[in-house]
Amino acid sequence: MPGSDSRLDTLMRPMRLILLLGLGSTALIAGAWWSQLVWHLVPCKLCLEQRIPHYAAMALAAVALVVARSRALQLTVLAGFAVLMLWSTGLGAYHSGVEWGWFLGPNDCGGGAPAAAAGVQDFMKQLQTTRVVSCGEAAWRFLGLSLAGWNALASLGLAALALLGLIKASKQAG
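Residues numbered from 1 in each chain as written. Predicted model: local features only at pLDDT ≥ 70, side-chain atom pairs only at ≥ 80, totals over all residues. Heavy atoms only, no water.

*Asks:* Kindly report on the side chain of Arg51, identifying the contributing residues and their values.
*Replies:* With respect to the helices and strands, Arg51 occurs in helix α3 (residues 45–67). Excluding residues that lie within four positions of it along the chain, Arg51 makes contacts with Ile29, Ala32, Trp33, Gln36 and Pro43. (Helix = DSSP H or I, 4+ residues; strand = E, 2+ residues; numbered from the N terminus. Contact = heavy atoms within 4.5 Å.)

*Asks:* I'd like a rundown of a nonpolar patch on the surface, residues and numbers included.
*Replies:* On the surface, a nonpolar cluster with roughly 630 Å² of combined accessible area is contributed by Trp33, Trp34, Leu37, Val38, Trp39 and Tyr55. If one sorts the elements of the nonpolar patch by residue count, helix α2 (residues 14–37) sits on top with 3 residues. Mapped onto the fold, Trp34 is located in helix α2. A relative accessible area of 47% places Trp34 in the partly exposed class. (Patch = residues over 30% accessible without salt bridge, like charges linked within 9 Å, V, L, I, M, F, W, Y side chains within 5 Å. Areas by Shrake-Rupley, 256 points an atom, 1.4 Å probe, with all protein chains shown as cover. Salt bridge = Lys/Arg side-chain N within 4 Å of Asp/Glu carboxyl O. Buried < 20%, exposed > 50% of the residue type's maximum accessible area, 1.4 Å probe, protein only.)

*Asks:* If you had to explain the pattern of salt bridges to someone new, which residues and values would you point to?
*Replies:* One pass over the structure, following the stated rule, counts 1 salt bridge. Where Lys45 meets Glu49, a salt bridge forms, and the shortest distance between an N and an O atom there is 3.9 Å. In this pair, Lys45 and Glu49 both sit in helix α3, 4 residues apart, roughly one turn of the helix. Exposure remark for Lys45: the relative accessible area of 30% places this residue in the partly exposed category.

Shown next as structure tokens:
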């Protein structure tokens, strides 16, 4: 297709790629919050840990879009994105493995301890209203993958995009 290389080159410019990667992490976080607030899927400990690299990527993108004017700094940011997204991929793959029973989950993955009850009636009410979320149970699946599995795939795609941009920008700089 005529012009497709120039469109790809435009997309693969470091600053545009940084914006795209930041938006990708923002979309994944928005999806996690949507599933929690709208679908009422309560996240477990590992679900919450998987959000950390995306929050960091969102912050990295915001700062980089303001201050990363040199090619060297842009390359550093792309490398940072690749590391964050590979970390997220590993967390998602591990959590998926816990859900499938391939790995043992963390010992403390089953809900935190509630506040101390003032009396027996308060304790009984806590027992009725507290929902313990296990890391080993997928709250939702689509095409056989849980949210953790989809996060792993999406994060792997973002990591690949960051690495491709890093390679392309490095070749142009060198």
